[in-house]
Amino acid sequence: MDNGACSYRRFLEGDDNGIVEIIRDYKDGLTLFLLRYAGDLHTAEELTEDTFFRLVTRKPHFTAKYSFKTWLYTIGRNLALNHLKRAKKLQPVTCEELAAIRSDKASLEESYLQKEQKILLHRALSKITPAYSNVLHLKFLEEMTNEQIAAVMKKSKRQIENLIYQAKRSLKSELEREGFHYEGLS
């Protein structure tokens, strides 16, 4: 049982520090993951809050079939997909709002990633196909196994392996266009 599962079990038994630990440990990574679905930082943060709110209010049953992180990210992904279904109508965005969104996204990236290489990598991820970006984010930034990624993305393990291979090629191509060579993608 990983740390998140222990904290969640303690929360279910009445220890409020358990949910505080979960939020502290998973908030930033979950927000960045949901940012890829939401498209803007504000919505990603709201979806993250909704995910934690669901844990607190509904107290869903956690089974150890997958890691706690995989289970939590699956809840977040499902909320994000439901949000996208409800928000199919595009709303016009002013230039000021667009600048604020970009500013928020850049500051979150810089504080979370901290190294210049990772920032460039993250920007390149945003330019490739969303499915590729999502699978690489889960694999390398969240350090999930292929099995965990398959559970989050609702695909088979073999599909994830193929997706990772194609995503790495796409990301490598994008990075080379920007004049950057990343040896880890060879």
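Since this is a predicted model, take the numbers as computed values, not measurements. All residue numbers refer to position in the chain's written sequence, counted from 1. The predicted origin of the model limits local features to residues at a pLDDT of at least 70 and limits the giving and counting of side-chain atom pairs to 80 or more, whereas totals for whole chains, interfaces and linings rest on all residues. Heavy atoms from the whole structure form the basis of all side-chain values; hydrogens and water molecules are not counted.

J.: What's the story with the overall build of the protein chain in this structure? I'm lost.
T.: Within the protein chain one finds 9 helices and 0 strands. We count a stretch as a helix when DSSP gives it H or I for four or more residues in a row; a strand needs E for two or more, and each element gets its number in order from the N terminus. The linear arrangement of helices and strands in the protein chain, starting from the amino end, is α-α-α-α-α-α-α-α-α. The rule is simple: take the accessible area with a 1.4 Å probe, protein chains only, and divide by the maximum for that residue type; under 20% is buried, over 50% is exposed, in between is partly exposed. Looking at the 186 residues of the protein chain, the share that counts as buried comes to 41%. Any pair of residues with heavy atoms lying within 4.5 Å of one another is described as a contacting pair. Of the contacts formed within the protein chain by residues at least 6 apart in sequence, a portion of 61% connects residues at least 24 apart. Note that accessible areas follow from Shrake-Rupley with a 1.4 Å probe, and for residues the cover is restricted to the protein chains shown. A total of about 11200 Å² of accessible surface is found on the protein chain, and carbon and sulfur atoms cover 49% of it.

J.: Got a minute to help me understand a negative patch on the surface in this structure?
T.: Surface patches are defined over residues having more than 30% relative accessible area and no salt bridge, joining like charges when they lie within 9 Å and nonpolar side chains (Val, Leu, Ile, Met, Phe, Trp, Tyr) when within 5 Å. For salt bridges, the criterion is a side-chain nitrogen of Lys or Arg within 4 Å of an Asp or Glu carboxyl oxygen. Charge counting follows a simple rule: Lys and Arg are positive, Asp and Glu are negative, and His as well as the terminal groups are ignored. The location of each charge is read from NZ of Lys, CZ of Arg, CG of Asp or CD of Glu. A cluster of acidic residues, Glu45, Glu46, Glu49 and Asp50, forms a negative patch at the surface. Within the secondary structure, aspartate 50 is located in helix H3 (residues 41-58). By relative accessible area, aspartate 50 is classed as partly exposed at 40%.

J.: I'm lost on the packing of helix H2 (residues 17-38) against helix H7 (residues 130-141) in this one. Help?
T.: Axis angle and axis distance: for two packed helices, these are the angle between their axes and the distance between the axes, and together they describe the pair. One way to put it is that H2 packs onto H7 with a least axis distance of 10 Å and a crossing angle of 170°. If you check the angle between H2 and H7, you find them roughly antiparallel. Considering the relative orientation of H2 and H7, their crossing is right-handed. Counting all contacts with H2, which are made through Gly29, Leu32, Phe33, Arg36 and Tyr37, the residues of H7 involved are Ser133, Asn134, His137, Leu138 and Leu141. Axis lines are fitted to C-alpha atoms, over the contacting stretch for helices. Their N-to-C directions set the angle, which ranges from 0 to 180 degrees. What sets the label is the angle itself: under 35 degrees gives roughly parallel, over 145 gives roughly antiparallel, 65 to 115 gives roughly perpendicular, and the rest give oblique. Handedness of a helix crossing follows the sense of rotation of the near helix relative to the far helix, less than a right angle counterclockwise being left-handed and clockwise being right-handed.

J.: Honestly, the confidence of the model for the protein chain in this entry has me stumped. Any pointers?
T.: For residues with low pLDDT, the predicted coordinates do not support detailed interpretation. Summary statistics for the protein chain give a mean pLDDT of 83 and a share of 78% for residues scoring 70 or more. As a per-residue measure, pLDDT tells how confident the predictor is, with possible values from 0 to 100. For the protein chain, the element scoring lowest by mean pLDDT is helix H5 (residues 95-113), at 63; H3 scores highest, at 94.

J.: It is not clear to me how the pattern of salt bridges should be interpreted in this structure. Could you clarify?
T.: Where charged atoms from two side chains of opposite charge approach closely, those side chains can pair. On inspection of all chains with the given rule, the structure shows 8 salt bridges. Across the pair arginine 24 and aspartate 25 runs a salt bridge, and its minimum N-O distance is 3.1 Å. Close ionic contact of arginine 158 with glutamate 161 constitutes a salt bridge, the shortest N to O distance being 3.3 Å. Of this pair, arginine 158 and glutamate 161 both sit in helix H9 (residues 157-177), separated by 3 residues, roughly a single helical turn. Judged by its relative accessible area of 55%, arginine 158 falls in the exposed class.

J.: How should I be thinking about the packing of aromatic side chains in this particular structure?
T.: Given two aromatic rings, their pairing is described by the distance between the two centres and the angle made by the two planes. Ring pairs are drawn from Phe, Tyr and Trp, using the six-membered ring of Trp, whenever the two centres fall within 6.5 Å, and their geometry is named by plane angle: stacked under 30 degrees, edge-to-face over 60, tilted for the rest. Under the criterion given, the structure shown has 9 aromatic pairs. Relative to phenylalanine 68, the ring of tyrosine 26 has its centre 5.6 Å away and its plane inclined at 55°; by these criteria the two rings are tilted. In this pair, tyrosine 26 is assigned in helix H2 and phenylalanine 68 in helix H4 (residues 68-86), connecting sequence segments 42 residues apart. What makes tyrosine 26 buried here is its relative accessible area of 10%. On the basis of relative accessibility, which here comes to 0%, the residue phenylalanine 68 falls in the buried class. Relative to tryptophan 71, the ring of phenylalanine 68 has its centre 5.4 Å away and its plane inclined at 50°; by these criteria the two rings are tilted. With a gap of 3 residues between them, phenylalanine 68 and tryptophan 71 both fall in helix H4, about one helical turn apart. Both residues of the pair, phenylalanine 68 and tryptophan 71, count as buried. Pairwise contacts between aromatic rings join Tyr8, Phe11, Tyr26, Phe62, Phe68 and Trp71 into one cluster.

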